[in-house]
2 protein chains.
Amino acid sequence: MVSKINTISTMPYKGVRDFYPEDMFLQDYIFEKMSSVARLYGYTEYGASVLEPAELYRAKSGDEIVNEQTYTFKDRGDRDVTLRPEMTPTIARMVAARKRELPMPLRWFSIPNLFRYESPQRGRVREHWQLNVDIFGVSSLDAEVEVISLASDIMKAFGAKPDMFEVRLNSRLLTNYILYTHLALPEEKAHALLKLTDRKDKMSEPEFREKVLEIIAEKSEEYVKIMSASSLDDLIALLPNSAKIEGVANFKELKRRLREHGIQNIRFSPTLTRGFDYYTGTIFEVFDTDPKNRRSLFGGGRYDDLLGVFDADRIPAVGFGMGDVTVADFIDTHGLAPVYKSLTTLYIGRTSEQFNVNAVQLAEKLRQKGISAEVDLSDKKVGEQIKTAVKKGVPYVTIVGDDEVSSNNFKIKRLADGQEEILGESAIADFFNAK
Amino acid sequence: MVSKINTISTMPYKGVRDFYPEDMFLQDYIFEKMSSVARLYGYTEYGASVLEPAELYRAKSGDEIVNEQTYTFKDRGDRDVTLRPEMTPTIARMVAARKRELPMPLRWFSIPNLFRYESPQRGRVREHWQLNVDIFGVSSLDAEVEVISLASDIMKAFGAKPDMFEVRLNSRLLTNYILYTHLALPEEKAHALLKLTDRKDKMSEPEFREKVLEIIAEKSEEYVKIMSASSLDDLIALLPNSAKIEGVANFKELKRRLREHGIQNIRFSPTLTRGFDYYTGTIFEVFDTDPKNRRSLFGGGRYDDLLGVFDADRIPAVGFGMGDVTVADFIDTHGLAPVYKSLTTLYIGRTSEQFNVNAVQLAEKLRQKGISAEVDLSDKKVGEQIKTAVKKGVPYVTIVGDDEVSSNNFKIKRLADGQEEILGESAIADFFNAK
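Caption draft 1: Main features of the pattern of salt bridges. Throughout the structure, instances matching the rule amount to 65 salt bridges over all chains. Of the charged contacts, one joins Arg-302 of chain A and Glu-144 of chain A as a salt bridge, the two residues approaching to 2.9 Å between their closest N and O atoms. Highlighted residues: Arg-302 of chain A in strand S11 (residues 296-302) and Glu-144 of chain A in helix H5 (residues 142-157), separated in sequence by 158 residues. Assessed through its relative accessible area of 6%, Arg-302 of chain A is described here as buried. Here Glu-144 of chain A falls in the buried class, since its relative accessible area comes to 4%. For Asp-417 of chain B, the salt bridge goes to Arg-414 of chain B, with nearest N and O atoms at 2.8 Å.

Caption draft 2: Expanded view of the interface of chain A and chain B. In this complex, chain A contributes 108 residues to the contact, which on the side of chain B involves 107 residues. Buried area between chain A and chain B, both sides added, is near 8900 Å², and the carbon and sulfur share of it is 57%. It is Ile-8, Tyr-20 and Arg-76 of chain A in chain A that bury the most area against chain B; as a group they hold 9% of the surface buried on that side. For Arg-107 of chain B, the salt bridge is made with Glu-374 of chain A, and the minimal N-O distance between the two is 3.0 Å. The element contributing the most residues to the side of chain A that touches chain B is helix H13 (residues 356-368) of chain A, with six residues. Partitioned by chemical class, the residues of the side of chain A that touches chain B number 49 nonpolar, 25 polar and 34 charged.

Caption draft 3: Spotlight on the sheet that holds strand S3 (residues 71-74) of chain A. All names here are of chain A. Spatially, S2-S4-S3 is the arrangement adopted by the three strands of the open sheet, whose pairing is antiparallel. Every other strand in the sheet has two partners, leaving strand S2 (51-53) and S3 as the edge strands with one partner each. Here the strands of the sheet are splayed against their neighbours by 35° on average, with no regard to which way each runs. Bridge count between S3 and strand S4 (residues 80-83): four bridges; the pairing is antiparallel. In the sheet register, Phe-73 faces S4, and the bridge partner there is Val-81.

Rules of the game
- Residues numbered from 1 in each chain as written.
- Chains lettered and ligands numbered in written order.
- Predicted model: local features only at pLDDT ≥ 70, side-chain atom pairs only at ≥ 80, totals over all residues.
- Heavy atoms only, no water.
- Salt bridge = Lys/Arg side-chain N within 4 Å of Asp/Glu carboxyl O.
- Helix = DSSP H or I, 4+ residues; strand = E, 2+ residues; numbered from the N terminus.
- Buried < 20%, exposed > 50% of the residue type's maximum accessible area, 1.4 Å probe, protein only.
- Contact = heavy atoms within 4.5 Å.
- Buried area = accessible area lost by both parts, 1.4 Å probe.
- Nonpolar A, V, L, I, M, F, W, Y, C, P; charged D, E, K, R; others polar.
- Pairing = 2+ DSSP bridges.
- Axes fitted to C-alpha atoms, helices over the stretch in contact; angles between N-to-C directions.

This is the structure in structure tokens:
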């Protein structure tokens, strides 16, 4: 039934990844650290389909996302559907749907896959997974403290030292104050300036200055000066009234509490904007401090009016998203990646295929006691079977043949150093369980 | 920035599911049982993107799937892409891509989400998750024995008794022998008959007879008689040469070994066809034995030429797929569903918001010792905070106030029975860790 005329490529779709066992091992490692820290803080896992009604993204995101970067198509029933590019609209939808029943404060996390139509390059793929952590129902600074502490604890769980990353802070309220109150700019210009400022770190000082000048002729020098403030105090000196802005007023308290939590590097950064429209207060972004690679790792912030599009009442919320590709890059760069380990304990070979049944019986007895055992059912010679065990990374091997079947004793060999132990069948599980 | 004019629906896309914490708990429970049994047998997890090149499904699946049931669309670069409707083409692609490096026998599992454009109804959704278990490189019956044993062990891990389900067996070689050799039918008629036979259980005997007659006038009575054989021996009596067909010859051995493994109900079923083209030998399907609901639960079989479309050499393979919706229905029907349990150990309330910092400090100390603790950071009264803990299903609660801060002693209350224990701060983690 198979035609070999049209040979199909073995490549995955452009910009997405296959996860072979070694890749999956790393992915599982990353997800496990993320989940267990979130659970320590009392966060509960939720999930949803990658397929969402397209209208969910029309309301809130920046135009760029809806128009150019999503996977949006019509289903066979002529509905517009989108492969979710982010999780926040989904959690907002789910919370709005059961707003009355859900116990507040609500602490939820999820590790969804997200799609963006981008040109694939290092650290930028079309599908990535992203831990999303959100707390709903807390309007005080305690929510920011908790969420940033949690993010920092995940970094530590990956083995990161506190000086390997820094947290940059800003407030959307402060940015709005600068743009709309202090400089009194019309929305269009403010928006263009915000977009430009987001990329400030990627250009030279004169280039930034020139581009600001293109947008706002009159007040450009003042804007550049404000955006160059290197501390909150410097900024307040330039904008005395900003000290009274809600959120900004207790940035020092936030910094103090995060330092108590062991986060050494916390910087105020007036140029921090983050893309999304929906932030309403504190925004933060975590950066790698490696001098060769001061990448943004992940970020988040406060968004107190996310449920508005569902016609639901305001609920204060703080959250962040942390991507698997960025994290994998980070732990790789800093030499923190885990070594691949097979989760199988024992590889059972046979001197010939006639002992398959005996080998399987041994495996079944071990499995009943919780020991994972894989039986080589191939027609390979013993030496090749052992090589297979090594290639798979299974730590122990035993070979079943005439002697083993008649004596019911098995030689258990540790492949790492060749150490051997002869054990009666009933003692094998105990031997492994004691390890 | 939020307009309330266009209110967006809080419903998910038609036919897909939201996973609120209780749903996720069940999903996690199901996935955990599936994974841990697969791991006991030495299977390693792999994964891939839900987005695949559409051509992957054009080669092998039945026409119906490609034309009517997939989510296929053009990406912005004019590539045809499909949301995978099944995992087998993906694993075949991945194995073909690294055929030379991968250690055989290869044992892989995955729990992907799959999409089909269907009319949603009970047990039939547009997105479901499905455990896929596959062994490559074993041509002997040992592969069938292992895979069906593993499937049966997963059922037992869900609490199923051996008499709650039965395994039906058939062989594609036998079906082909009946259709092409014994009845000497042309491919078109054979195909139509196969499709009809797949639905035999859903129609009356006369209806089946009539529809067979519509397809093959001449030999219809003989076909009906063969398909009514209730045992392998009955069938062999009708088709003496079939006893020599590879695979069928050792069906009795397969039944014997599965019985040894504790599977009580094993039936030979000549009408078992399963949809996919790619089976080449044994096929099996597991049915619920509940008399009110003899549903098919899941199935699989041998497909030894799956890699052909990638122009790779043949590798023998046996596998099965087990869906989350069907499993959830089964465990629900048989009263085996787990009771929801919060994974958080302690809920920390406060007599007033001024003790937030103290409550957070207590939580942090507990988290450092591996105890999950959630702090109520709301402005609710104490009674409401305790109600929140109850609603969340957190088993223990403590309240931080003046007395607790000054004495550093905390009253830990078990919400299920109201039992209380007063413990010094440093003793709380030990108290929980000892449980």
